[in-house]
Amino acid sequence: MNFRIQHLQWAGSIGVVAVCVAMAIITTVPKLSDYVDAQRTMSEFSKLNAVLTAAYAVSAERGPANNFMSATGAARDEYRAALAAARARTDASLSKVAALLPKEVAPSSEAVSDFEMANALLAKGRHDVDAAKIDSDRGKGVEVAAAIEAMFSAADKMQDLGNAVGRTVIASDAAVGVDVISATAASGLREHAGRLGSYVV
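Residues numbered from 1 in each chain as written. Predicted model: local features only at pLDDT ≥ 70, side-chain atom pairs only at ≥ 80, totals over all residues. Heavy atoms only, no water.

**Quick word on the packing of helix H3 (residues 74-100) against helix H4 (residues 110-131)**
Running from N to C, H3 and H4 point in directions that differ by 175°, and their axes come no closer than 13 Å. Put simply, H3 runs roughly antiparallel to H4. Where H3 abuts H4, its residues Arg-76, Leu-83, Arg-87, Thr-90, Asp-91, Leu-94, Val-97 and Ala-98 lie against Phe-115, Asn-119, Leu-122, Arg-126, Val-129 and Asp-130. Its residues assigned to classes, the contact of H3 with H4 shows 7 nonpolar, 2 polar and 5 charged. (Axes fitted to C-alpha atoms, helices over the stretch in contact; angles between N-to-C directions. Helix = DSSP H or I, 4+ residues; strand = E, 2+ residues; numbered from the N terminus. Parallel < 35°, antiparallel > 145°, perpendicular 65-115°, else oblique. Contact = heavy atoms within 4.5 Å. Nonpolar A, V, L, I, M, F, W, Y, C, P; charged D, E, K, R; others polar.)

Following this line, the structure appears as structure tokens:
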């Protein structure tokens, strides 16, 4: 009799443990899923922050570039140094974006395509800036305008990249949609406001 009671007690204990384990699993799995989703959203936010920071750096590089193209004589060498420093800051920001973009995605993916195009446009813009100046014949003014437009194109493509990454963040967590849209919109407004100074070069 005692043997059967002990068996029942053991069976009851095992049953209680099993129920507790099941309840723990039921309550933990959704929380784990939420945690994984939150981590994914934070990762995408990191990419967006890096992209918008790099977009700002590309835009900010236009100031030293405009000064360099407008300068003459000894001042040109001074502005050349400032332009080199600005380019170094831009390159550092772009390197962070390159490190954060997933390596396993297809080369045709929107974000990777935008990033590669932005780099190509920036390289062309820099080449045009180096070749242009306003201290000789009238034709140089055309070269300066072309260089400025090339830098605009690079900045536009960085904005496209920001929008592409922003859509990825929203896809990960729709609740942050307003924040993402606000951030990308503010970046775009800052870029277009910054262009006003270039139009007077």
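**Regarding the pattern of salt bridges**
In this structure the tally under the stated criterion is 9 salt bridges. With a shortest N-O distance of 3.7 Å, Arg-87 and Glu-61 are connected by a salt bridge. Here Glu-61 lies in the loop between helix H1 (2-60) and helix H2 (62-70) and Arg-87 lies in helix H3, a separation of 26 residues in the sequence. In this structure Arg-87 comes out as buried when scored by relative accessible area, which is 15%. (Salt bridge = Lys/Arg side-chain N within 4 Å of Asp/Glu carboxyl O. Buried < 20%, exposed > 50% of the residue type's maximum accessible area, 1.4 Å probe, protein only.)

**Brief notes about the nonpolar core**
In this structure, Met-69, Val-97, Val-129, Met-158 and Leu-161 are the most contacted members of the largest nonpolar core, which totals 33 residues. Of all the secondary structure elements, the ones that give two or more residues to this core are H1, H2, H3, H4 and helix H5 (139-172). Of all the elements, H5 adds the most residues to this core, at 11 residues. (Core = buried A, V, L, I, M, F, W, Y, C linked by side-chain atoms within 4.5 Å.)

**Let's talk about the packing of aromatic side chains**
Tallied over the entire structure, the rule returns 0 aromatic pairs. For the cation-ring pair, Arg-76 lies above Phe-68, with the distance from its terminal atom to the ring centre recorded as 4.0 Å. (Phe/Tyr/Trp six-rings, centres within 6.5 Å; stacked < 30°, edge-to-face > 60°. Lys NZ or Arg CZ within 6 Å of the ring centre and 35° of its normal.)

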